[in-house]
Amino acid sequence: MSRTRILVTGASGQVGSAAVRFLAGLGEVVAPGRDRLDLADPTSIRTLMREVRPRWVVNAAAHTAVDKAESEPDLAFALNAEAPRVLGEEAREIGAGVIHFSTDYVFDGSGERPWVETDPTGPLNVYGRSKLAGEQALAATGVTHFIFRTSWVYGAAGKNFLLSILRMARERELLRIVADQHGAPTWSEDLARLAAHVITQVDKNGQGSLQPNDLCGVYHAGGSGETTWHGFASAAVDMLREHDAGVTLARVEPIATAEYPTPARRPANSRLNCTKLSQAFGFRMLDWQESLRQVMRQLYPSGN
Ligand SMILES: NC(=O)c1ccc[n+]([C@@H]2O[C@H](COP(=O)([O-])OP(=O)(O)OC[C@H]3O[C@@H](n4cnc5c(N)ncnc54)[C@H](OP(=O)(O)O)[C@@H]3O)[C@@H](O)[C@H]2O)c1
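Residues numbered from 1 in each chain as written. Predicted model: local features only at pLDDT ≥ 70, side-chain atom pairs only at ≥ 80, totals over all residues.

Draft legend 1. Seen up close, the overall build of the chain. Broken down by element type, the chain carries 10 helices and 12 strands. In terms of overall dimensions, the chain is globule-like: its C-alpha atoms have a radius of gyration of 19 Å, near the 19 Å expected for 304 residues. Taken along the three principal axes of its C-alpha coordinates, the chain extends 60 × 40 × 40 Å. Each of the 304 residues in the chain was classed as buried or not, and the buried ones make up 48%. (Helix = DSSP H or I, 4+ residues; strand = E, 2+ residues; numbered from the N terminus. Rg over C-alpha atoms; globule rule 2.2 N^0.38 Å. Buried ≥ 20, exposed ≤ 12 C-beta atoms within 10 Å, placed from the backbone.)

What follows is the structure, encoded as structure tokens:
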């Protein structure tokens, strides 16, 4: 019997690289590099999809440089909106399913309540607008799709806030970190575990074409609990201190967003309510502090 073929895009990224590892047990994972799949080029996507004919597409690629997106909106929309649409169209033609990642940046960041899936959207920046357009474009293709809006992704590898903080904590005396944006860090491996869980649950028999059903749609999937960027950085530096006893590390000082201007506006409220996800799939996202501890163990295996 042929094994389930799963196409992972963005395999060099945080979520994509974890997905390649977590999905390996479910079937044959195909993870093309940019030389084989350029998501900014619809022809490249269509050619690859027709060649690989996956049963599932896990789309972990995106234009994720939030500030840069302000000055290159065409590229951001090509990768974040047009590519999911083309992937969706091609997947629908062959009866495949698509798992796609989106962001809390589709919201305007107002209020203090964690966002639910049915809340009105209102992105503040180009990245958020392009990701929202991608959600809508993918859904409109009519493919079997699962869209996971997540937040503040980090892990032991890749380019992320945690790794920057750990490096700068050793180099500097003072870190001034924004303390008025609220949300939860999400471990890249937790999102990969989620993708594997959903594929396993939806695709019990692994045969025939996948048909859209009531479970398809948008889900919030951010780390459990909440903090601020300052809280996240402080917790990380505290854990580093346990490991690096005797080494002088930077003090972590809270500042307001207004003191750290960036090209793209960021939402103040990035909290995501993940109840729909746990009810539909019985999947609970890890508490951000627990994930942080696990990532720190990966980074510093000898620590406790
Ligand atoms: N990072 C966050 O804090 C965050 C927060 C909320 C939601 N998300 C969403 O979560 C998902 C995964 O994010 P991530 O942090 O894992 O991303 P990431 O680490 O920035 O990786 C992005 C991936 O996309 C690939 N890519 C970019 N342009 C491409 C192109 N033209 N053709 C093919 N591949 C291309 C990159 O390949 P190269 O290595 O070749 O550049 C890389 O593998 C994305 O949908 C993102 O929008 C992320």
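Draft legend 2. Representation of the environment of Glu 259 within the structure. Along the chain, the position of Glu 259 falls in the loop between β12 (251–255) and α9 (275–281). Among the residues examined, Glu 259 registers 11 C-beta atoms within 10 Å and is labelled exposed. Distance from Glu 259 to Leu 215, taken between C-alpha atoms, is 43 Å for residues 44 residues apart in sequence.

Draft legend 3. Just the packing of helix α8 (residues 229–243) against helix α10 (residues 288–299), in detail. Between α8 and α10, the least distance of the axes is 11 Å, while the angle of their chain directions is 40°. One way to sum up the angle between α8 and α10 is to call them oblique. Handedness of the α8/α10 crossing: right-handed. Side by side, α8 and α10 meet where Ala 235, Ala 236 and Met 239 of the first sit next to Gln 289, Leu 292, Arg 293 and Met 296 of the second. Here the residues of the contact of α8 with α10 are counted per class, giving five nonpolar, one polar and one charged. (Axes fitted to C-alpha atoms, helices over the stretch in contact; angles between N-to-C directions. Parallel < 35°, antiparallel > 145°, perpendicular 65-115°, else oblique. Left-handed = near helix turned anticlockwise from the far one by under 90°. Contact = placed C-beta atoms within 7 Å. Nonpolar A, V, L, I, M, F, W, Y, C, P; charged D, E, K, R; others polar.)

Draft legend 4. A look at the pairing of strand β1 (residues 5–9). The buried fraction of β1 amounts to four of the five residues, a majority that puts the element mostly inside the structure. Relative to strand β2 (residues 28–30), β1 runs parallel, the two being bridged by three bridges. The residue bridging Arg 5 from the neighbouring strand is Glu 28, located in β2. (Pairing = 2+ DSSP bridges.)

Draft legend 5. Just the site of the ligand, in detail. Neighbouring the ligand are 25 residues; Gly 10, Gly 13, Gln 14, Ala 61 and Val 153 lie closest to it. Where the shell around the ligand is concerned, the elements lending two or more residues are α1 (14–23) and β4 (97–103). Ranked by the residues each element gives to the shell around the ligand, the list is headed by α1, at three residues. Here the shell around the ligand is built from residues that sort into 11 nonpolar, 11 polar and three charged. (Near = placed C-beta within 6 Å.)

Draft legend 6. Quick look at the packing of α1 against helix α7 (residues 188–202). Put simply, α1 and α7 touch, their axes get as near as 8 Å, and they point 45° apart. It follows from the interaxial angle that α1 and α7 lie oblique. Crossing handedness for the pair α1 and α7: right-handed. Along its contact with α1, which presents Gln 14, Val 15, Ala 18, Ala 19, Arg 21, Phe 22 and Leu 23, the element α7 presents Ser 188, Glu 189, Leu 191, Ala 192, Arg 193, Ala 195 and Ala 196.

Draft legend 7. The sheet that holds β1, seen in detail. Read across the sheet, six strands follow the order β2-β1-β3-β4-β5-β10 without closing on themselves; strand pairing throughout is parallel. At either margin of the open sheet sits one strand with a lone partner, and together these are β2 and β10 (217–220). The sheet shows a mean angle of 20° between the axes of neighbouring strands, taken without regard to direction. Running at roughly 165° to β1, α1 makes contact with β1, β2, β3 (56–59) and β4 of the sheet.

Draft legend 8. Helix α4 (residues 73–93), seen in detail. Spanning 21 residues, α4 covers 29 Å between terminal C-alpha atoms, matching the ideal 30 Å at 1.5 Å per step. Along α4, the sharpest change in direction is near 35° and occurs at Glu 82; proline Pro 84 comes one to four residues later. A positive phi of about 70° marks Gly 95, the residue just after α4. (Expected span 1.5 Å × (residues − 1). Bend = angle between axes of the 7 residues up to and from the residue.)

Draft legend 9. Region of the structure containing the environment of Thr 43. Residue placement: Thr 43 occurs in helix α2 (residues 42–52). Sequence-wise, Thr 43 and Lys 204 are 161 residues apart; in three dimensions their C-alpha atoms are separated by 32 Å.

Draft legend 10. Broad picture of unusual backbone geometry. Backbone geometry places Arg 53, a non-glycine residue, at a positive phi of 45°. Inspection of the secondary structure assignment puts Arg 53 in the loop between α2 and β3. The backbone of Trp 152 shows a phi angle near 45°, a positive value even though the residue is not glycine. Among the structural elements, Trp 152 can be located in the loop between β5 (144–150) and β6 (153–154).

Draft legend 11. Focus on the environment of Gln 289. Its location among the elements puts Gln 289 in helix α10. Given 18 C-beta atoms within 10 Å, Gln 289 falls into the partly exposed group. The contact partners of Gln 289, leaving out residues within four places of it in the chain, are Gly 225 and Ala 235.

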